[in-house]
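Understanding the architecture of this molecule
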Amino acid sequence: MSTDKKTPETGRTPQEQSMRRPVQIAGVTIQPRDASEDAALPPVAAAPAPVPVEGQRCGLVAIVGKPNVGKSTLLNALVGQKISITSRKAQTTRHRITGIRTQGAAQCVFVDTPGFQTIHGTALNKSLNKTVVGAVSDVDLVLFVVEAGSFTTADAKVLALLKPGIPVLLVANKLDNVHRRGDIAPWLQSMQERHAFAEFVPMSAKQPKDIERLLGICEKYLPEQPWWHAEDELTDRSEKFLASEMVREKLFRLTGDELPYTSTVVIDKFEEEAGRTAKRMLRIAATIVVEREGHKAMVIGDKGEKLKRIGTETRMELEKLLDAKVFIELWVNVRSGWADDEARVRSFGYE
């Protein structure tokens, strides 16, 4: 008489539970592996253990500086992906752009701001300055970006915006443009007298080693708390927003200094369709807004060649950035005085 007792959970004895039974599929019998076959199998690689929440760090890092000092280039390098537009024209960045970099246990949420405007008093520039002031008021760390070896009145006005109690790193960017490195030490000493910077970081945003060093420094200032974003997120801005920014970048790059910086871009259509030869297909229609008829002719170019080139370069950039097939239509409209009209500025998406 068997002494094995059946367990209530399975209705089977321990001996029966330890026995391997063949898997029955209609018309097919799959015999299970025996113990010797199991032992011969290669070990299964262990999945990387997730970082425990209690070890995570996360915080806001504002990137501030005067116009055209390299803030957007720095943001793109820190994130490892182009999310903020760049050009030689000052005042290229007009919005608060958030870039996310997750590395190890730390998640830095970088905020790229417009350059603080000290010359023009238009409604547009007042909006840009409001964005800068708002960005530096509630962050864990500030990266104050200047050109290495230089400090101008415009730099001083941005420095005056920084709130006491928030650590500030002096990011001396474009170090590769300094021919006499011996001049940097006395310049750094003079900068320490202007503000109690937490650390000095002489660097070039084009050098990967400098970027890795800056990321390591930023991590020390982040509070211990759970991440705010998924590990693979790069920005909290929408694809529609990124599309408008890419059109604006190509507009500024291809028209040079002739076109006033007050030109802007409005997305009229942003639709996604199932693609036949690609995973995604996007149809985009955008309007370039300028202030004068002469500016419109400049954007369109001879026989439409300039506008066509703006569209082609935008499409190529977006296809890489969004991993999609892109069709884009561009139009040019004149809206005289829009940059001085607060209601129109807000209608074009500025705060």
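Please read these numbers as outputs of a predicted model, since none were measured by experiment.

So, about the pattern of salt bridges. Inspection of the entire model under this criterion finds 18 salt bridges. Between Glu273 and Arg283 there is a salt bridge, with the nearest N and O atoms lying 3.0 Å from each other. With Glu273 in strand β9 (residues 264-273) and Arg283 in strand β10 (residues 281-290), the pair connects residues that are ten residues apart, well separated along the chain. Residue class for Arg283 comes out partly exposed when judged on its relative accessible area of 30%. Of the charged contacts, one joins Arg309 and Glu313 as a salt bridge, the two residues approaching to 3.0 Å between their closest N and O atoms. A residue pair is termed a helical-turn pair when its members lie 3 or 4 positions apart in one helix, as Arg309 and Glu313 do in helix α10 (residues 305-322) at four residues.

On to empty space enclosed by the protein, then. Tallied over the entire structure, the rule returns one cavity of 30 Å³ or more. Roughly 50 Å³ of volume is contained in the largest cavity. Along the walls of the largest cavity sit Arg101, Gln103, Ala106, Cys108, Leu215 and Glu219, which together make up its complete lining. Of all the secondary structure elements, the ones that give two or more residues to the lining of the largest cavity are β4 (97-103), β5 (106-112) and α7 (208-219). Looking at the lining of the largest cavity, its residues break down into three nonpolar, one polar and two charged.

What follows deals with the side chain of Lys82. Relative to the assigned elements, Lys82 resides in the loop between α3 (71-79) and β4. Within the structure, Lys82 has its side chain in polar contact with the side chain of Glu249 (distance 2.6 Å). Setting aside residues no more than four positions away along its own chain, Lys82 makes contact with Asn76, Met246, Glu249, Lys250, Glu317 and Leu321.

This brings us to the environment of Ile166. Considering the arrangement of structural elements, one finds Ile166 in the loop between α5 (153-159) and β7 (168-173). Sequence spacing of Ile166 and Val139 is 27 residues, and the spatial spacing of their C-alpha atoms is 7.4 Å.

In this section: the packing of helix α9 (residues 293-300) against α10. Interhelical geometry of α9 versus α10 gives an angle of 65° and a closest axis separation of 5 Å. The segment α9 lies against α10, with Met298, Val299 and Ile300 engaging Glu305, Lys306, Leu307 and Ile310. Of the residues contributing to the contact of α9 with α10, the split by class is five nonpolar, no polar and two charged.

Within β5, seven of the seven residues are buried, which leaves it mostly tucked inside the rest of the structure. Of the two faces of β5, the one lined by Ala106, Cys108, Phe110 and Asp112 and the one lined by Gln107, Val109 and Val111 are each fully buried. Note: strand β3 (residues 57-64) against β5, seven bridges, orientation parallel. Of the residues in β5, the one forming a bridge with Ala62 is Val111.

About the cut-offs
- Residues numbered from 1 in each chain as written.
- Predicted model: local features only at pLDDT ≥ 70, side-chain atom pairs only at ≥ 80, totals over all residues.
- Heavy atoms only, no water.
- Salt bridge = Lys/Arg side-chain N within 4 Å of Asp/Glu carboxyl O.
- Helix = DSSP H or I, 4+ residues; strand = E, 2+ residues; numbered from the N terminus.
- Buried < 20%, exposed > 50% of the residue type's maximum accessible area, 1.4 Å probe, protein only.
- 1 Å grid on protein atoms, 1.4 Å probe; cavity = no way out; pocket = protein on both sides within 12 Å on 5 of 7 lines; lining within 4 Å.
- Points joined across faces, edges and corners; volume = space filled by probe spheres on them.
- Nonpolar A, V, L, I, M, F, W, Y, C, P; charged D, E, K, R; others polar.
- Polar contact = N/O pair within 3.5 Å; in protein donor to acceptor, adjacent residues only side chain to side chain.
- Contact = heavy atoms within 4.5 Å.
- Axes fitted to C-alpha atoms, helices over the stretch in contact; angles between N-to-C directions.
- Pairing = 2+ DSSP bridges.

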